[in-house]
There are 2 protein chains.
Amino acid sequence: MPKLAAYDRNLPYSYALGIFPATECLKHAQDRCMRLLVSADSAESEGVMRLRSAAEAAGIRCEEAGRLLEKISRKENCHAAMVYRKAEGQLSPDGDHLVLHHPSDMGNLGTILRTALGFGYRNVAIIRPAADSDDPRVVRASMGAAFSLAICHYDTFEAYRTDFPEHGVYPFMLTGSTPLDEAVASRAAKCALVMGNEATGLPESFSEIGMPVRIPHSGDIDSLNLAIAAGIGMYAFARNRRGECT
Amino acid sequence: MPKLAAYDRNLPYSYALGIFPATECLKHAQDRCMRLLVSADSAESEGVMRLRSAAEAAGIRCEEAGRLLEKISRKENCHAAMVYRKAEGQLSPDGDHLVLHHPSDMGNLGTILRTALGFGYRNVAIIRPAADSDDPRVVRASMGAAFSLAICHYDTFEAYRTDFPEHGVYPFMLTGSTPLDEAVASRAAKCALVMGNEATGLPESFSEIGMPVRIPHSGDIDSLNLAIAAGIGMYAFARNRRGECT
């Protein structure tokens, strides 16, 4: 393995920063774990020691690398990081999909991935250009949820659609013709919930695709935050899944 | 007015940074606007010029203060800021309340305030210790929604409760006894939705108060992000308000 560098999206590896994300990486993506980095003073941390034991038991090398940790965490107080190999996920044709069209904010993206795992959306398509889902800031904001999800990238929505033509498509738009509750009441067996960019939403062309959905809210705000809209949309659709209605 | 300083929570004034938040401040809290600051190159920005005209029409002094803007925005590219007088809000006894118990993350708090306005929760109680709702980062994350809300601070939940004994209390907890849907179906005419701290949630004692609510999610995540949970809770309760069911 070459000398480790500060993260860059062109690198074939990334970092799960912090004890919790690094532990999730080891638990759910062990075959991609390359090396555990710990800070010099980490012997004092019970959490790091536990992680270290688990990594060693899995045959993953562990090394003290305080300076590198400082560099990759941008001086946040970080005592451990898992170096992991990036890998493109494979979406399952079964079950619901979450499709993120041009997401640009890393914190939002991480929060959305965590929420997706919480509501059972284990297959996430990201349409480029998009924030890098392997950026350490995204992985950290996701609390490591990224390691339990299949995340697959496409250059266009059409390319995604070609791979999964059977999913009912629900683009979330301010101008969506169908209120969320109604869309949920008539939902397809397999749904693709499509969310647009933080600032610009989905292109107007999505109003011709599937069943465009709006989340009713007052005119006092321009729009909901993307992560909030995604959370409400996933919650509402998940409540009405076949065989798991509340 | 004394020489303006970088923001500190003990100051009697704060800053609405950015054209949109500053405009919201002027529109919804004009009597608290003290001065408009603009950058030297702001004559090129149509948005700043429009804001400047509106401020001058309202009799609010406008001045070029690029260095101060840089300082208070921490070098973000910010072309305008409204200096405004802080003021404690008065909660209305009518309608739903949102109660935030020890919120600590500024970005989350701003996002929650914006969501609250979107779902018609115009009365927000904040139980201290808490992130400062007048911090420029909170105001900015709220997109200026803070200026359309009544935000009132209490030192304890009991003090809030004494002021508003008639609201049905719904503490959101991982261990809440009632799933969200059920709680919404039997909701009181006036509800207080109570959300805990990002890291620690609500103290266990809240399980004895009102109807503790849980948002069902998989065991694959420890918890939802606070802003997401608050968004889902407000959305769900708002759908079933008297006379405005969907």
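Every value quoted in this text rests on a predicted model; they were computed, and no experiment measured them.

**With respect to helix H4 (residues 106-118) of chain B**
Turning to step 1, where the next piece is worked out: Compared with an ideal rise of 1.5 Å per residue, which puts 13 residues at 18 Å, H4 of chain B spans 19 Å between its outermost C-alpha atoms and is within 8% of the ideal.
Turning to step 2, where the next piece is worked out: Where burial is concerned, most of H4 of chain B is hidden: 11 out of the 13 residues are buried.
Turning to step 3, where the next piece is worked out: All of the buried residues along H4 of chain B are Asn108, Leu109, Gly110, Thr111, Ile112, Leu113, Arg114, Thr115, Ala116, Leu117 and Gly118 of chain B.
Turning to step 4, where the next piece is worked out: The secondary structure elements touched by the buried residues of H4 of chain B are helix H8 (226-239) of chain A together with strand E5 (97-101), strand E6 (123-127), helix H5 (136-141), strand E7 (150-154) and helix H8 (226-239) of chain B.
Turning to step 5, where the next piece is worked out: Its side-chain oxygen at 3.1 Å from the backbone nitrogen of Gly107 of chain B, Asp105 of chain B defines the N-terminal cap of H4 of chain B.
Turning to step 6, where the next piece is worked out: The positive-phi residue at the C-terminal boundary of H4 of chain B is Gly120 of chain B, with phi of around 80 degrees.

**What to know about the nonpolar core**
Turning to step 1, where the next piece is worked out: Counting 82 residues, the largest nonpolar core has Leu180, Leu193 and Phe237 of chain A together with Leu180, Leu193 and Phe237 of chain B as its most contacted members.
Turning to step 2, where the next piece is worked out: Non-local contacts of Leu180 of chain A, meaning those with residues more than four positions away in its chain, are made with Phe172, Val213, Arg214, Ile215, Pro216, Ile232, Gly233, Ala236 and Phe237 of chain A together with Tyr235 of chain B.

**A look at the sheet that holds strand E7 (residues 150-154) of chain A**
For sheets, the rule is that strands pair by backbone hydrogen bonds, running either parallel or antiparallel.
Residue and element names in this part refer to chain A.
Turning to step 1, where the next piece is worked out: The strand order across the open sheet formed by five strands is E7-E6-E5-E10-E8, and the pairing between neighbours is parallel. Among the strands making up the open sheet, the edge pair consists of E7 and strand E8 (168-171). Between one strand and the next, the sheet's axes are offset by a mean angle of 20 degrees, whatever the strand orientation.
Turning to step 2, where the next piece is worked out: Pairing geometry for strand E5 (residues 97-101) and strand E10 (residues 191-195), over four bridges, is parallel. Across the sheet, residue Leu100 finds its bridge partner in E10, namely Met195.
Turning to step 3, where the next piece is worked out: Here helix H4 (residues 106-118) sits on the sheet in contact with E5, strand E6 (123-127) and E7, set at roughly 170 degrees to E5.
Turning to step 4, where the next piece is worked out: In the packing of H8 onto the sheet, the strands contacted are E5, E8 and E10, and the crossing angle to E10 comes to about 165 degrees.

**Some thoughts on the packing of helix H1 (residues 19-28) of chain B against helix H2 (residues 46-57) of chain B**
Residue and element names in this part refer to chain B.
Turning to step 1, where the next piece is worked out: Interaxial distance between H1 and H2 falls to 10 Å at its minimum, and their mutual angle equals 15 degrees. As far as their axial angle goes, H2 and H1 are roughly parallel. Note that H1 runs across H2; the crossing there is left-handed. Here Ile19, Ala22, Thr23 and Leu26 of H1 lie close against H2, whose contacting residues are Gly47, Val48, Leu51, Ala54 and Ala55.

**Things to note about the interface of chain A and chain B**
Interfaces are often sized by the accessible area lost when the parts come together.
Turning to step 1, where the next piece is worked out: Contact residues are listed per partner, giving 27 residues for chain A and 27 residues for chain B.
Turning to step 2, where the next piece is worked out: Here chain A and chain B share an interface that buries about 2,400 Å² over both sides, 58% of which is from carbon and sulfur atoms.
Turning to step 3, where the next piece is worked out: Looking at the side of chain A facing chain B, the largest losses of area belong to Arg114, Ile228 and Tyr235 of chain A, adding up to 23% of the total buried there.
Turning to step 4, where the next piece is worked out: The tally of links from chain A across to chain B stands at four salt bridges.

**Remarks on the state of the cysteines**
Residue and element names in this part refer to chain A.
Turning to step 1, where the next piece is worked out: For the coordinates displayed, the defined rule picks out zero disulfides over all chains.
Turning to step 2, where the next piece is worked out: Free cysteine: Cys152, not disulfide-bonded; nearest cysteine sulfur from Cys25 at 19 Å.
Turning to step 3, where the next piece is worked out: Judged by relative accessible area, which is 11%, Cys152 ranks as buried.

**Notes on the sheet that holds strand E2 (residues 33-38) of chain A**
All names here are of chain A.
Turning to step 1, where the next piece is worked out: The sheet built from four strands is open, its strands ordered E1-E4-E2-E3 with mixed pairing. Looking at the sheet topology across the chains shown, the edges are occupied by strand E1 (13-17) and strand E3 (62-64). Averaged over all pairs of adjacent strands, the angle between strand axes in this sheet comes to 25 degrees, irrespective of strand direction.
Turning to step 2, where the next piece is worked out: As judged from the three bridges shared by E2 and E3, these two strands associate in the parallel manner. Residue pairing in the sheet places Val38 in a bridge with Glu64 of E3.
Turning to step 3, where the next piece is worked out: Sitting on the sheet, helix H1 (residues 19-28) is in contact with E1, E2 and strand E4 (80-85), with an inclination near 35 degrees to E4.

**Things to note about the packing of aromatic side chains**
Turning to step 1, where the next piece is worked out: Under the criterion given, the structure shown has 18 aromatic pairs over all chains.
Turning to step 2, where the next piece is worked out: Relative to Tyr15 of chain B, the ring of Tyr13 of chain B has its centre 5.9 Å away and its plane inclined at 85 degrees; by these criteria the two rings are edge-to-face. Neither residue differs from the other here; Tyr13 of chain B and Tyr15 of chain B are each classed as buried.
Turning to step 3, where the next piece is worked out: Here a set of aromatic residues connected by ring pairs shows up, and it is made of Tyr154, Phe157, Tyr160, Phe164 and Phe206 of chain A.

Criteria and cut-off values
Residues numbered from 1 in each chain as written. Chains lettered and ligands numbered in written order. Predicted model: local features only at pLDDT ≥ 70, side-chain atom pairs only at ≥ 80, totals over all residues. Heavy atoms only, no water. Helix = DSSP H or I, 4+ residues; strand = E, 2+ residues; numbered from the N terminus. Expected span 1.5 Å × (residues − 1). Buried < 20%, exposed > 50% of the residue type's maximum accessible area, 1.4 Å probe, protein only. Contact = heavy atoms within 4.5 Å. Polar contact = N/O pair within 3.5 Å; in protein donor to acceptor, adjacent residues only side chain to side chain. Core = buried A, V, L, I, M, F, W, Y, C linked by side-chain atoms within 4.5 Å. Pairing = 2+ DSSP bridges. Axes fitted to C-alpha atoms, helices over the stretch in contact; angles between N-to-C directions. Parallel < 35°, antiparallel > 145°, perpendicular 65-115°, else oblique. Left-handed = near helix turned anticlockwise from the far one by under 90°. Buried area = accessible area lost by both parts, 1.4 Å probe. Salt bridge = Lys/Arg side-chain N within 4 Å of Asp/Glu carboxyl O. Disulfide = S-S within 2.5 Å. Phe/Tyr/Trp six-rings, centres within 6.5 Å; stacked < 30°, edge-to-face > 60°.

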